[in-house]
Amino acid sequence: MPTIPQRIASAFAVLCGHYGDVTKMAQDREQSRQSLYREAQQVADAVDGAATQARIDELQRQLAEQRAEIQDLQERLRHAVEITPDKQHEFATVAQAEGVSLSVARRLLRVVSGPKSPRAAATLGRATLEAGKQAGPLLQVLDEAARPAVKQGTADEIFLDADPS
């Protein structure tokens, strides 16, 4: 491969030389005249900078796309919830408090956790039992405070008015 000074010399001979200079230079270097013309074209392209500018433009376009993708992913990440074992336990505890069975809670967890399978129903059951034990003393205090204010209460939260008027 010719050196940079050789390429510049080829370009000078092709672009500014006199008749016969390209042939003499090709003979001196034991190259074809066509190779000197190619070297001259490479020098002209490098000086022109169009190819370099096109490459810079392409890299800037790729960089802008990458930045937009990163921004989109960061926005999605701000709204993401990691389904950790503690979060699964919380989910199961709330589901049980709302009257959902552990097997249904586990199936719902599978929907949001994706291919990673949620904890076993027994594990979720132990977590909800522990949460119940921790909440028990607090519920006793709340029950004592709320009991005087209750006018009507039923065990299953079904309210029925016997008098239709």
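Residues numbered from 1 in each chain as written. Predicted model: local features only at pLDDT ≥ 70, side-chain atom pairs only at ≥ 80, totals over all residues. Heavy atoms only, no water.

(A) Broad picture of helix H6 (residues 102–113). The terminal C-alpha atoms of H6 lie 16 Å apart, and with twelve residues this matches the ideal 16 Å at 1.5 Å per residue to within 8%. Looking one or two residues beyond H6, the residue adopting positive phi is Gly-114, at roughly 75°. (Helix = DSSP H or I, 4+ residues; strand = E, 2+ residues; numbered from the N terminus. Expected span 1.5 Å × (residues − 1).)

(B) Structural detail: helix H7 (residues 121–146). Gly-136 marks the point of greatest bend in H7, at about 40°, and the proline Pro-137 comes within the next four residues. Within H7 the residues assigned to the buried category are Leu-124, Gly-125, Ala-127 and Thr-128. Tucked inside the fold, the buried residues of H7 contact helix H5 (85–97) and H6. (Bend = angle between axes of the 7 residues up to and from the residue. Buried < 20%, exposed > 50% of the residue type's maximum accessible area, 1.4 Å probe, protein only. Contact = heavy atoms within 4.5 Å.)

(C) Structural detail: unusual backbone geometry. Unlike most non-glycine residues, Glu-30 shows phi in positive territory, near 55°. Within the element layout of this structure, Glu-30 appears in the loop between helix H2 (21–29) and helix H3 (33–48).

Treat this as a map of the structure, not an account of what it does.
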